[in-house]
Amino acid sequence: MLRPSIRTCLVVILLILAAERSFAARTETWTEVRSPNFLVLTDSSEKQGRNVVLQFELIRAVFRQFFNIPGAAKDPVVTIIAIKDEDGLKRLMPGFWASKGLLSSESSLPAGLYLAGPEKDHIALRLDEITDQEAREALGRRADDPFENVHHGYVHFLAGRLLSQLPLWLVEGSAEFFGSTEVKGRKISVGAPSRTNLEVLQGTKLLPLGTLFAVDASSPYYHEENRNSIFYAQSWLLTHYLITRDWREGTHRVTDFVALLGQSVEPEEAARRTIGDPLRLQKELKRYLDRSLYSASDLPMPLSLDANAFTAEPASPAESRAVRAEFVFAAEYAATMAKARGGRRDAAARLAMAQLQQKHQEKMKESETSAHPDDSERPELELTPNMAEATIEKGARDTQGGKMAVLSKAVEVPSPTASPAAPPVLPSGPAVGSGSKGGEVAALSKTTEIPSRTAPPLASKLVAPADELFFEAYRRSDPITKWPLKKMLHQIPELKGLKPATDQSQLPEVLRGVSENLQKFVTDFVNITALETIEEAQRGGGS
Amino acid sequence: MQKFRYLMLARREGDAFTLVEYRTDLRGREEHPQIQTGDLIKTTGFASMALFFGPLEQPWSDFRLLGQQTIGGDRTEAVAFAEHIEPVAVMGRLKIGKASMPILVQGVAWIRSSDYQILKMRTDLLAPLPPVKRVTTLVLYAKNEFEGRPTALWLPQDVKVTVGMGNFEFGHRHMYSDYRMFTVKSVIKPD
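Residues numbered from 1 in each chain as written. Chains lettered and ligands numbered in written order. Predicted model: local features only at pLDDT ≥ 70, side-chain atom pairs only at ≥ 80, totals over all residues.

Moving on to the overall build of chain B. Each helix and strand in chain B was counted, giving one helix and twelve strands. When the helices and strands of chain B are placed in sequence order, the string is β-β-β-α-β-β-β-β-β-β-β-β-β. The burial tally for chain B puts 55% of its 191 residues in the buried class. Taking contacts inside chain B between residues at least 6 apart in sequence as the whole, the part at least 24 apart equals 36%. (Helix = DSSP H or I, 4+ residues; strand = E, 2+ residues; numbered from the N terminus. Buried ≥ 20, exposed ≤ 12 C-beta atoms within 10 Å, placed from the backbone. Contact = placed C-beta atoms within 7 Å.)

What follows is the structure, encoded as C-alpha cells:
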C-alpha cells in the first residue's frame, strides 16, 4: 500500500484583482506603453506615456554606457504607473496614503514613489508635477526635478546590478548624478546639480575622503530615508567630478576603479591606482566645489532610443486593473518591509532582509548569465494580462533542505525535525494541538512513529527567507481554536444550529476516523476530470 | 458564467503523493490567463483541502471539537483547526504578480458522525496579510463512485471563494458535475 508519507496538494487562486472600489465605479481610459525595459500604464495621453518611458530609458542608457555594461545584460522590466494628477494617485491606493497620514486636505502626496521589490520594482508618478515644473521653468525659475527621488531609486536598481560591492558613496553619488538625466531638445543633459545638494555643500565642511570611503549601511552618515546630508551631497560632488573628468579627458578611471573593486582590490588602493590618491583628490574636490565647476553635461541622444519606437495601445479594463492591483500589492509589501527595517532591528529581521537581498542579487546574476547576445534587441519580458494574478500554490510541507534550515535560523524557529512544537509522535488517529487550552483537548491514547519528512521529489518551494514578515503577522493571529464560542458563532455563520460540545473527549476518535478515510482517499485516488461551472458570486467593496 | 474541464491528477513518486488540480477549456487546452478576461477569481485545490485532516498533516494543526450540527439530515461533528505558525506547516503560497506570501489557514470541518466523512469544510487565512484581508473558501463535498474502483471518493460539489483585497471584496462559485476517471496516453512519434 502506498504510504502517504508526504502529500502534496496544489491550490491555485487566480485573481484579476480590483485594487479599489473606485476603479470599478469610474470609466477611465488607460494606455500601456512598453519598451524593452519598462511598462508604463497611464491614464494620461499616450504621448506622456511615451515621454515617461523615454526618460527612464535614457537614464538607463547613459548609466550603462558609462559603466560599459554590455547591451545583452538584461534588467527586469520595471512597471511605472503614470497618473494624471494627485487625486488619481490617491485613488490608486488610499489605504497606503492614509497609513502615512497623507490623505488630509492639508497634505499633498509626493510627486513619485519608487518601490523596490524582491522580484520586481514599481514606480508611481504624478504627471501634473511635470506640467508644474515646465510652468516654473517657463517663468525663469530654477525648478528641481520633481522625480529626483524616483530617479535616484531607479539608479540604485541599476547600480545594484552593476557590482554588488560598489562602495556606498559611488552608489549614492551615481544615483544623484545619473538620476538628473533629462531630455533637452535633441540632446540629453546629465549631472545638473540639485539645489538640496548645493545647499548642504555650501553650509557643511567636506568630509575627509577616507571617512567618505568608509561609510557603509551601518554608518551614522547614511540615511536612505533622509538624503539631506553631507554624505549624499559630497558623494554626488565626487561622482560628478570623477565622471565629468573622464568625459572631458577621454579617460575611463572610474570604470577602471570599479573593475579593480570587482577584483577585490582594497578601495583605497583601487582609488590610488585609478581615480587618484585620496589626499590629492580631496584638494581637487574642494577646488571643484569652491569654483562652482560642476555643471550639467550635454550628451548626444542615443540613436537607439526613440519614443515613437515604443509600443502603445489601450489597456483593457482587466489588464489595467491587474497592473494597478500589482502595484498596490507592491506598495503594501514595501511598507511591510520598511516597518521591519525601522521597527524591528533585531538579528532575525536583519538576517531575513539580508537573505532577501541576497536572493534578489542571485536572481539578478542568473538573469545576466542567461542573457542571450541578441536580447538587447528585443523585449526582455513579455507582460501578459495575468500580471497581477494571485496564486495560491499549495504543496508539500517539506523541509526544502538547506533553504528551510536558513529560514529556521532567521525566524528562530527550530528545524522541522527538531521542532518542540511538533508532536513527538504522529497519531495514527486523532491528534491534539499544542496550542489548545489546558484540558480542552484530550491527550492521545495511541501513537505511531513519525515518518521521515524529507523533501518529496514533487515539492515546490513553499518557504522563502523573506517570509519572516508574514510569519510575524501570523503570530499576531487569534486562532479559531482559541475563540470563545460566542465569537465562533458570530464569525462563522455556517455554525448556525451548533450544539456545543461539553468536552473534547470525542475529538480523538473523530480525528482518527477522518484520518483513516483520508488515508484511503490517497491510496485509491485516480486521475479524475469533472465539468466545472464558475460564476461570479459577489462583487462589491466598502468605501 | 464559464465552463471548464477540471482535472485532478494523482502523482506518485516513491512515498510521495501529489494531487495536482487545474483546469482546461472544454477542448482540453490548458487554461490560458487571457480567457479569464472579465473574471475576478478562479481557484483550484478543493479536492486536496480535506488533507489538513490527513494523518501526515494533523500534527501541524491544533484541533477543537466545537459540537454537533445537522447538515442535510446528517449528524456531523464540527471540528475547528488552525495550522501551527511555523514554516513546516506552510502548505501553499499566495502569489500576486511575482511577489508571494506563505499561506497558513484555519477553519472548520463538518465530519459525518456515522463514518467520519468530511461533508463540508471552510478555511480562512490564519491572519490577514495586507493587502489581502481575507480568503475564505467553503467547500461542499459529495460522494462519487467510479466504475471498477473499490471505494467511492468524496469530491467537491459546490465551492464558494471570497477574497477581500483592500476595500474590495469579491468571490466566485464553482460547481462540479460529470466526474469521470481518465487516463493519459502519450505516444512518441519519430521525426
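Helix and strand content of chain A: 19 helices and 16 strands. Among the 543 residues that make up chain A, the fraction classed as buried is 42%. For chain A, contacts bridging at least 24 residues in sequence account for 74% of all contacts bridging at least 6.

Here we come to helix α6 (residues 148-162) of chain A. An ideal rise of 1.5 Å per residue puts 21 Å on 15 residues; α6 of chain A measures up with 21 Å between its terminal C-alpha atoms. Regarding α6 of chain A, the residues found buried are E148, V150, H151, H152, G153, Y154, V155, L158, A159 and R161 of chain A. (Expected span 1.5 Å × (residues − 1).)

Residue and element names in this part refer to chain A. In the contact formed by helix α7 (residues 168-178) and helix α10 (residues 230-249), the axes pass within 7 Å of each other and the chain directions differ by 75°. As judged from the angle between their axes, α7 and α10 are roughly perpendicular. Residues W169, L170, E172, G173, S174, E176 and F177 of α7 pack against Y232, S235, W236, L238, T239, H240 and I243 of α10. The residue inventory of the contact of α7 with α10, partitioned by class, reads seven nonpolar, five polar and two charged. (Axes fitted to C-alpha atoms, helices over the stretch in contact; angles between N-to-C directions. Parallel < 35°, antiparallel > 145°, perpendicular 65-115°, else oblique. Nonpolar A, V, L, I, M, F, W, Y, C, P; charged D, E, K, R; others polar.)

Attention shifts here to the sheet that holds strand β9 (residues 187-190) of chain A. Residue and element names in this part refer to chain A. In space, the three strands of this open sheet follow the order β8-β9-β10, with antiparallel pairing throughout. Whereas interior strands pair on both sides, the edge strands pair on one side only; in this sheet they are β8 (182-184) and β10 (297-300). Averaged over neighbouring strand pairs, the angle between their axes works out to 40° when direction is ignored. Pairing between β8 and β9: three bridges, direction antiparallel. Paired with E182 across the strands is S189, a residue of β9. (Pairing = 2+ DSSP bridges.)

Within α7 of chain A, nine of the eleven residues are buried, which leaves it mostly tucked inside the rest of the structure. Here the buried face of α7 of chain A lies against α2 (46-66), α6, β9, α8 (195-203), α9 (209-214) and α10 of chain A.

This brings us to the environment of F170 of chain B. Residue placement: F170 of chain B occurs in strand β12 (residues 168-181). Sequence separation between F170 of chain B and V135 of chain B is 35 residues, and the spatial gap between their C-alpha atoms is 9.9 Å.

Another aspect to go through is the environment of Q58 of chain B. Position of Q58 of chain B relative to the elements: it lies in the loop between α1 (46-49) and β4 (61-71). For Q58 of chain B and F81 of chain B, which are 23 residues apart along the polypeptide, the C-alpha to C-alpha distance reads 9.2 Å.

Okay, the nonpolar core next. Proteins that are soluble and globular tend to have nonpolar side chains buried together. Residues V40, I80, A124 and L125 of chain A are the most contacted members of the largest nonpolar core, which totals 82 residues. Core analysis: the next-biggest nonpolar cluster, separate from the first, contains 73 residues, F471 of chain A together with Y6, L51 and V135 of chain B among them. (Core = buried A, V, L, I, M, F, W, Y, C linked by C-beta atoms within 7 Å.)

The next point concerns unusual backbone geometry. The residue N68 of chain A is not glycine, and still its phi comes out positive at about 55°. Of note, N68 of chain A is situated in the loop between α2 and β5 (78-83). The class for N68 of chain A is exposed, based on 11 C-beta atoms found within 10 Å. Backbone geometry at D178 of chain B places phi at a positive 55°, although glycine is not the residue there. Note on placement: D178 of chain B falls in strand β12.

Our focus in this paragraph is the confidence of the model for chain B. Per-residue confidence for chain B gives a mean pLDDT of 82, with 82% of residues at or over 70. Segment residues 33-40 of chain B: pLDDT under 50, and 21 contacts once partners within four positions in sequence are set aside and those in other chains are kept. (pLDDT = per-residue confidence, 0-100.)

All names here are of chain A. The six strands lie next to each other as β6-β7-β5-β4-β3-β11, forming an open sheet whose pairing is mixed. Only two strands of the sheet have a single neighbouring strand rather than two, namely β6 (112-115) and β11 (311-314). Each strand of the sheet is rotated relative to its neighbour by a mean of 15°, with strand direction disregarded. Where β5 meets strand β7 (residues 122-126), five bridges bridge the pair, whose relative direction is parallel.

Turning next to the confidence of the model for chain A. Mean pLDDT over chain A works out to 69, with 61% of the residues at or above the 70 mark. Note that pLDDT drops below 50 for residues 343-461 of chain A; the model gives that stretch 257 contacts with residues more than four away or on any other chain.

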